Amino acid sequence: MSFARRHLMQFAAATLAALAFGAAAQSYPTKPVTLLVPYPAGGLSDNIARKVNVPLGQALGQPTIVDNLGGASGSIAAQKVLNAPSDGYLVYQGSPNELILAPLAVPSIKYKSEDFRQVHRIALAPMAIFARAGLPANNADELVAYAAKAAKAGKPLTYASVGVGSFYHLLGAKMSKDLGIEMSHVPYKGAADAFRDLAGDQVDIFITPYGLAQTEFIKQGKLKAVAVLTPQRQRLLPGTASTTESKALKHFTAEIGTGYFVKRDTPEPVVQALHKALQGVLTDTQLRAGLFAMGQETSPAQTLAEADQAYRSEIANYQVIAKAIGLNAN
């Protein structure tokens with residue numbers, strides 16, 4: 001066979017494959033779609049996914065399955081998405097924790113934030129500083145005073161996170177740096193594990209989003225909320241003061257969003273179909289009620305361009321914060 005003929009046949013085969021892939025993208029989805037949650041079952045991320053998957057499946061016309069794959073600050077699940085075909089059947093439910101901060105902090109992570117594309121944000125999470133029930137602090141200023149005393153005694157305050165490089169790690173490290181008080185980081189695989197040890201007096205504080213489960217723990221005396229990280233008091237914790245009401249942590253506020261991501265080279269028709277379905281999900285009354293009960297605020301509708309720009313802005317913002325506290329993967 002001549003070189004020209006062989007080249008022509010290879011070109012024809014590649015063209016047919018591209019056409020077939022394009023046709024498959026246009027008809028997406030033709031089989032179940034998996035939402036990959038980068039944390040174990042039982043935590044906030046898992047609960048969000050299990051509120052989304054049913055209405056999303058209805059909107060897509062195919063079952064939507066929740067799969068939990070925790071570990072390595074969410075990077076194991078993220079890498080699984082990148083290793084899968086770019087066909088939209090494996091969708092990552094994530095946040096800046098796993099896709100922006102983890103690559104900055106964990107040397108073994110080789111992917112880049114830009115390898116992913118945000119299809120749509122689903123929720124925004126108000127946050128709070130939770131403490132073990134026996135911690136002798138009931139507001140932000142008392143917490144800072146206790147942390148200073150503990151550091152001086154050679155027993156630094158311990159703060160939990162869902163992994164090295166996670167947003168919660170970043171917040172704890174930033175608080176420690178801003179205050180000039182030594183604190184010790186204790187990473188966990190997921191929020192459920194961190195709350196378990198917080199309720200068991202194994203760790204001092206956890207700066208994190210929360211929901212009804214945590215407010216029930218407070219009522220039962222298993223843990224306490226020291227401060228919320230929004231300028232106003234929060235509806236699930238109306239009796240807990242904001243950090244902005246304190247002197248020591250007056251400017252210490254934060255929130256984090258949860259969104260759905262695919263590989264950046266996923267075909268546009270697939271991304272558009274997934275985006276349209278997620279926009280429909282945001283109007284589902286049961287989903288909105290479920291998110292509300294978990295302390296989440298339903299995300300405003302975003303165009304694809306707005307979702308992507310929001311993600312790119314987060315990349316830039318979190319890189320600045322990470323640099324300020326010396327977080328790097330070296």
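Only a predicted model underlies this, so the values are computations on that prediction, with no experimental measurement involved. (Residues numbered from 1 in each chain as written. Predicted model: local features only at pLDDT ≥ 70, side-chain atom pairs only at ≥ 80, totals over all residues. Heavy atoms only, no water.)

**Description of the nonpolar core**
Now for step 1: Counting residues in hydrophobic clusters, the biggest one holds 70 residues, and the most contacted among them are F116, M127, I129, F130, F167, I205 and F206.
Now for step 2: A per-element tally of this core places strand β4 (residues 116-132) first, with seven residues.
Now for step 3: V52, I122, V262 and L282 belong to the second-largest nonpolar core, a separate cluster that totals 26 residues. (Core = buried A, V, L, I, M, F, W, Y, C linked by side-chain atoms within 4.5 Å. Buried < 20%, exposed > 50% of the residue type's maximum accessible area, 1.4 Å probe, protein only. Helix = DSSP H or I, 4+ residues; strand = E, 2+ residues; numbered from the N terminus.)

**Concerning the pairing of strand β6 (residues 183-187)**
Now for step 1: Across five bridges, the pairing between strand β5 (residues 157-161) and β6 is parallel. Looking across to β6, one finds that S161 is bridged to P187.
Now for step 2: The handedness of the β5 to β6 crossover, carried by helix α6 (residues 167-179), is right-handed. (Pairing = 2+ DSSP bridges. Right-handed = clockwise from strand over helix to strand, strands pointing away.)

**A few points about helix α9 (residues 268-281)**
Now for step 1: The terminal C-alpha atoms of α9 lie 20 Å apart, and with 14 residues this matches the ideal 20 Å at 1.5 Å per residue to within 8%.
Now for step 2: Where α9 is concerned, the buried positions are V270, V271, L274, H275, A277, L278 and V281. All buried residues of α9 lie within an arc of 165° about the axis, which places them on one face of the element. (Expected span 1.5 Å × (residues − 1). Arc of directions from axis to C-beta.)

**Some points on the packing of aromatic side chains**
Now for step 1: Under the defined criterion, the tally for this structure stands at 10 aromatic pairs.
Now for step 2: An angle of 80° between the planes, with centres 5.8 Å apart, marks the rings of Y111 and F116 as edge-to-face. When sorted by exposure, Y111 lands in the same class as F116, which is buried.
Now for step 3: If you follow K31 out to its NZ or CZ, it ends over the ring of Y89, 4.7 Å from the centre.
Now for step 4: Geometry around F292 places R235 over its ring, the cationic atom sitting 3.4 Å from the centre. (Phe/Tyr/Trp six-rings, centres within 6.5 Å; stacked < 30°, edge-to-face > 60°. Lys NZ or Arg CZ within 6 Å of the ring centre and 35° of its normal.)

**Concerning the side chain of Q296**
Now for step 1: Turning to its location among the elements, Q296 is positioned in the loop between α10 (285-293) and β10 (297-298).
Now for step 2: In contact with Q296, not counting residues within four places along its chain, are L44, I48, A123, L124, A125, P126, P209, Y210, R235 and L291. (Contact = heavy atoms within 4.5 Å.)

**Quick look at helix α4 (residues 96-105)**
Now for step 1: Summarising burial for α4: nine of the 10 residues are buried, a large majority.
Now for step 2: Here α4 has its buried residues at P96, N97, E98, L99, I100, L101, A102, P103 and A105.
Now for step 3: Where the residues of α4 are buried, they touch α3 (75-83), β3 (90-94), β4, α6, β9 (255-263) and α11 (304-324).

**Observations regarding empty space enclosed by the protein**
Now for step 1: One pass over the structure, following the stated rule, counts two cavities of 30 Å³ or more.
Now for step 2: As for the largest cavity, its lining consists of 22 residues, of which Y39, L44, S45, N97 and Y168 are closest to the centre.
Now for step 3: For the lining of the largest cavity, the secondary-structure elements that each account for two or more residues are α2 (44-60), β3, α4, β7 (205-209) and β9.
Now for step 4: Of the residues assigned to the lining of the largest cavity, the class counts are 10 nonpolar, 11 polar and one charged.
Now for step 5: Taken as a whole, the second largest cavity encloses approximately 30 Å³ of empty space.
Now for step 6: In terms of lining, the second largest cavity is formed by V81, P85, S86, D87, G88, L90, V262, K263 and T266.
Now for step 7: Partitioning the lining of the second largest cavity into residue classes produces four nonpolar, three polar and two charged. (1 Å grid on protein atoms, 1.4 Å probe; cavity = no way out; pocket = protein on both sides within 12 Å on 5 of 7 lines; lining within 4 Å. Points joined across faces, edges and corners; volume = space filled by probe spheres on them. Nonpolar A, V, L, I, M, F, W, Y, C, P; charged D, E, K, R; others polar.)

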